[in-house]
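These are the residues of each chain, in order.
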Amino acid sequence: MRFDLAELAPRDAYKLLTGIVVPRPIAWVTTVNHDGSLNLAPFSFFNTFGSDPPVVAFAPGDRAGVPKDTAANIRRTREFVVNFVSEELLHAMNVTAAELPHLEDEVKLVGLTPEASSTVDVPRIAESPAAFECREVTTVLIGKNRIVLGEVLTIHVRDDLVDPEKFYVDTANLKLVGRMGGRGGYVRTSDLVEVPRLSNEEARQLGRTSDD
């Protein structure tokens, strides 16, 4: 089946894109509202896009043609924190995905703990197993898409989940969840498939074997 996206309504293109690009990591983003209250919202159009410097990108949309609180706050302060969503935080995250009233403090609403960051003025979520403190590099507008690019300044990982000497993260025990599709589908990240990296010679040998 072939789909020409130029001929599709945006909602139909969204269904195809989110149904195919899975699982998607979730950026649970904290920002500071203009009155000093906290905003917390999840975004699954998100990923990391480099390590030197470390860069993340996510796409906060509009609400009724007006930038959502997350986008407006980043435009004003240029700071945000990406908190990562573990299995135990899934339902709290789902609450914060609702279109709650402007300036309502979602962190208080779901009973989470704000914790001071070290390099930005935006608190992180203490219950999150990992978090990135970020500063906006630029925001790109493409049609109705808004893509925030941020440099990661500081990384927080729960002590029992990282080897501070080798910088190895116990990824499986982060127990993060990913987004599946465009509605209420999520996936655990505990079903690990380990495929060792091949040397050039091993790759050539396996390639020749598969052709036989």
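Note that the coordinates shown come from a computational prediction; the quantities given were computed from them, not determined experimentally.

**Student:** I would appreciate a short explanation of the overall build of the protein in the present structure.
**Tutor:** A tally of helices and strands in the protein yields six helices and 15 strands. Projected onto its principal axes, the C-alpha positions of the protein cover 65 × 55 × 30 Å. Per-residue burial over the protein gives 35% buried out of 212 residues. Here the contacts in the protein between residues at least 6 apart in sequence split such that 59% fall between residues at least 24 apart.

**Student:** For this particular structure, what's the right way to read the packing of aromatic side chains?
**Tutor:** A ring pair, where both rings are aromatic, is described by two values, the distance of the centres and the angle of the planes. In total, this model carries five aromatic pairs according to the counting rule given. These aromatic residues form a ring-pair network of at least three members: Phe43, Phe58 and Phe80.

**Student:** Would you mind going over the nonpolar core with me for this structure?
**Tutor:** One recurring pattern in soluble globular proteins is that nonpolar side chains are buried together. If you look at the biggest cluster of nonpolar residues, it comprises 19 residues, and the most contacted ones within it are Phe58, Phe80 and Val82. Elements with a contribution of two residues or more to this core: strand S1 (27-32), strand S2 (38-43), strand S4 (54-58), strand S7 (79-83), strand S10 (130-142) and strand S11 (145-157). It is S10 that provides the largest number of residues to this core, a total of three residues. The contact partners of Val82, leaving out residues within four places of it in the chain, are Ala27, Trp28, Val29, Phe46, Ala130, Ala131, Phe132 and Cys134. Ranked by size, the runner-up nonpolar core spans 18 residues in total, among them Leu38, Leu90, Met93 and Leu112.

**Student:** Mind showing me how you'd approach the UniProt feature "domain: Flavin reductase like" (unreviewed entry) in the protein here?
**Tutor:** Under the UniProt annotation, the feature "domain: Flavin reductase like" (unreviewed entry) is placed at residues 19-170. From the first C-alpha to the last, residues 19-170 spans 28 Å; its make-up is 14% helix and 43% strand.

**Student:** Explain the sheet that holds S11 here, please?
**Tutor:** Sheet strands pair by backbone hydrogen bonding; their relative direction is either parallel or antiparallel. Taken in spatial order, the seven strands make up an open sheet running S2-S1-S7-S10-S11-S4-S3, and their pairing is antiparallel. Strands with a single pairing partner mark the edges of an open sheet, and in this sheet they are S2 and strand S3 (46-51). Recorded for the sheet is a direction-independent mean angle of 35 degrees between the axes of neighbouring strands. With five bridges joining them, S7 and S10 adopt antiparallel strand pairing. The residue bridging Val82 from the neighbouring strand is Phe132, located in S10. Contacting S1, S2, S4, S7, S10 and S11, helix H2 (residues 69-77) crosses the sheet at an angle of about 55 degrees to S1.

**Student:** So what exactly am I meant to see when it comes to the pairing of S1 here?
**Tutor:** For a regular strand, side-chain orientation follows a simple rule: the groups alternate between the two sheet faces. In terms of burial, S1 is largely enclosed, as six of its six residues are buried. Covered by surrounding structure in S1 are Ala27, Val29 and Thr31 together with Trp28, Thr30 and Val32, the residues of both alternating faces. Bridging between S1 and S2 involves six bridges; their strand directions are antiparallel. Residue Trp28 lies in a different strand from S2, and its bridge partner there is Pro42.

About the criteria used
- As a convention, each chain's residues are numbered from 1 in the sequence order in which they are written.
- pLDDT decides what is reported in this predicted model: residues at 70 or higher carry local features, side-chain atom pairs at 80 or more are listed and counted, and totals for whole chains, interfaces and linings draw on all residues regardless.
- Only hydrogens and water are removed before side-chain values are computed, so all heavy atoms of the structure are retained for them.
- Secondary structure follows DSSP: runs of H or I at least 4 residues long count as helices, runs of E at least 2 residues long count as strands, and numbering of each begins at the N terminus.
- Classification of residues uses two cut-offs on accessible area relative to the type maximum, computed with a 1.4 Å probe and protein chains only: under 20% is buried, over 50% is exposed, and between them is partly exposed.
- Should any heavy atoms of two residues lie within 4.5 Å, those residues are considered in contact.
- Two aromatic rings from Phe, Tyr or Trp, using only the six-membered ring of Trp, form a pair when their centres are within 6.5 Å; if the ring planes differ by under 30 degrees the pair is stacked, by over 60 it is edge-to-face, and anything between is tilted.
- Take the buried residues of types Ala, Val, Leu, Ile, Met, Phe, Trp, Tyr and Cys, join any two whose side-chain atoms come within 4.5 Å, and each joined set is a nonpolar core.
- UniProt positions are given in the numbering used here, feature names are shortened, and annotations may be inferred rather than shown by experiment.
- Pairing between strands is defined by DSSP: at least two bridges between them are needed.
- Every axis corresponds to a line fitted to the C-alpha atoms, with the helix fit spanning only the stretch in contact, and the corresponding angles, defined between N-to-C directions, vary from 0 to 180 degrees.

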